Amino acid sequence: MIKQSIIAITTLGLLTITATAADTKACAGCHGANFEKAALGKSKIVKDLSKEDIVKALKGYKDGSYGGAMKTVMKGQVAKLDDKAIEEIASSIAGGDAKATDDNKTKVASDDNKTKASADTNKTKK
């Protein structure tokens, strides 16, 4: 319990940069530059969330209605953000929607290639 409190206080101290507009620099310390990390090993991977989910989470952290282990840390991070800033931040992160689409295309192409390679191998065996 004390260790978690120390981590939370330290994190707040390190992340005193206030994110405004679409500035997500303050987020990178915990979530990674591309939002690919589970913050302190506890959060969801933000890049995988939709814009709507990000907005819901940020507004929920702000009003105290959302969050688990990192609720206190995140409440401090979003306290000064207005709805416009939250929307802009979510939009800048939610390139995750576009990234997921691109990743899915890559995965489908990769799966198609594996299927084709498997079919070619089966032809050779006959």
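Throughout what follows, the structure given in this document is the object of discussion. Owing to the predicted nature of the structure, the values given are computational and were not obtained by experimental measurement.

Focus on the overall build of the chain
No. 1: On a plain count of helices and strands, the chain comes out with 6 helices and 0 strands.
No. 2: Looking at the chain residue by residue over its 126 residues, the buried ones come to 26%.
No. 3: Long-range contacts, defined as pairs at least 24 residues apart, comprise 53% of the intrachain contacts of the chain with a sequence gap of at least 6.
No. 4: Accessible area for the chain stands at about 8,400 Å²; split by element, carbon and sulfur atoms hold 57% of it.

Description of unusual backbone geometry
No. 1: Positive phi outside glycine occurs at F35, with the angle close to 60°.
No. 2: Along the polypeptide, F35 turns up in the loop between α2 (25-31) and α3 (51-63).
No. 3: On the accessibility criterion, F35 (7% relative accessible area) is buried.
No. 4: Within the chain, L40 stands out as a residue other than glycine whose phi angle is a positive 50°.
No. 5: Tracing the backbone through its elements, the reader meets L40 in the loop between α2 and α3.

Here we look at the nonpolar core
No. 1: Within the largest apolar cluster, 17 residues are counted, with the highest numbers of intra-cluster contacts made by I54, L58, V78, L81 and I93.
No. 2: Each residue touching L58, except ones within four places of it in the same chain, is listed here: M74, V78, I86 and I89.

Observations regarding the layout of surface pockets
No. 1: Considering only enclosed or pocket space, the largest pocket measures out at about 490 Å³ in volume.
No. 2: Those elements giving two or more residues to the lining of the largest pocket turn out to be α2, α3, α4 (71-78) and α5 (83-93).
No. 3: Of the residues contributing to the lining of the largest pocket, the split by class is 22 nonpolar, 6 polar and 2 charged.

Here we look at the packing of aromatic side chains
No. 1: For the structure on display, the rule yields 1 aromatic pair.
No. 2: Geometrically, the ring pair formed by Y61 and Y66 is edge-to-face, given 5.1 Å between the ring centres and 90° between the ring planes.
No. 3: Of the residues examined, Y61 reaches a relative accessible area of 13% and is grouped as buried.

Some words on α5
No. 1: Of all the positions in α5, only A85, I86, I89, A90 and I93 are classed as buried. Buried residues of α5, seen end-on, are gathered within an arc of 135° and therefore sit on one face of the element.

Thoughts on the packing of α3 against α5
No. 1: Two elements in contact, α3 and α5, have axes whose closest approach is 9 Å; the angle formed by their N-to-C orientations is 140°. In terms of orientation, α3 lies oblique with respect to α5. By crossing handedness, the relation of α3 to α5 is classed as right-handed. In contact with K51, I54, V55, L58, K59 and K62 of α3, α5 contributes D83, I86, E87, I89, A90, S91 and I93.

So, the side chain of T24
No. 1: Counting through the fold element by element, T24 comes out in the loop between α1 (2-14) and α2.
No. 2: Residue contacts for T24: discarding those within four places in its chain leaves F35, I89, S92 and I93.

Quick notes on the rules
Residues numbered from 1 in each chain as written. Predicted model: local features only at pLDDT ≥ 70, side-chain atom pairs only at ≥ 80, totals over all residues. Heavy atoms only, no water. Helix = DSSP H or I, 4+ residues; strand = E, 2+ residues; numbered from the N terminus. Buried < 20%, exposed > 50% of the residue type's maximum accessible area, 1.4 Å probe, protein only. Contact = heavy atoms within 4.5 Å. Areas by Shrake-Rupley, 256 points an atom, 1.4 Å probe, with all protein chains shown as cover. Core = buried A, V, L, I, M, F, W, Y, C linked by side-chain atoms within 4.5 Å. 1 Å grid on protein atoms, 1.4 Å probe; cavity = no way out; pocket = protein on both sides within 12 Å on 5 of 7 lines; lining within 4 Å. Points joined across faces, edges and corners; volume = space filled by probe spheres on them. Nonpolar A, V, L, I, M, F, W, Y, C, P; charged D, E, K, R; others polar. Phe/Tyr/Trp six-rings, centres within 6.5 Å; stacked < 30°, edge-to-face > 60°. Arc of directions from axis to C-beta. Axes fitted to C-alpha atoms, helices over the stretch in contact; angles between N-to-C directions. Parallel < 35°, antiparallel > 145°, perpendicular 65-115°, else oblique. Left-handed = near helix turned anticlockwise from the far one by under 90°.

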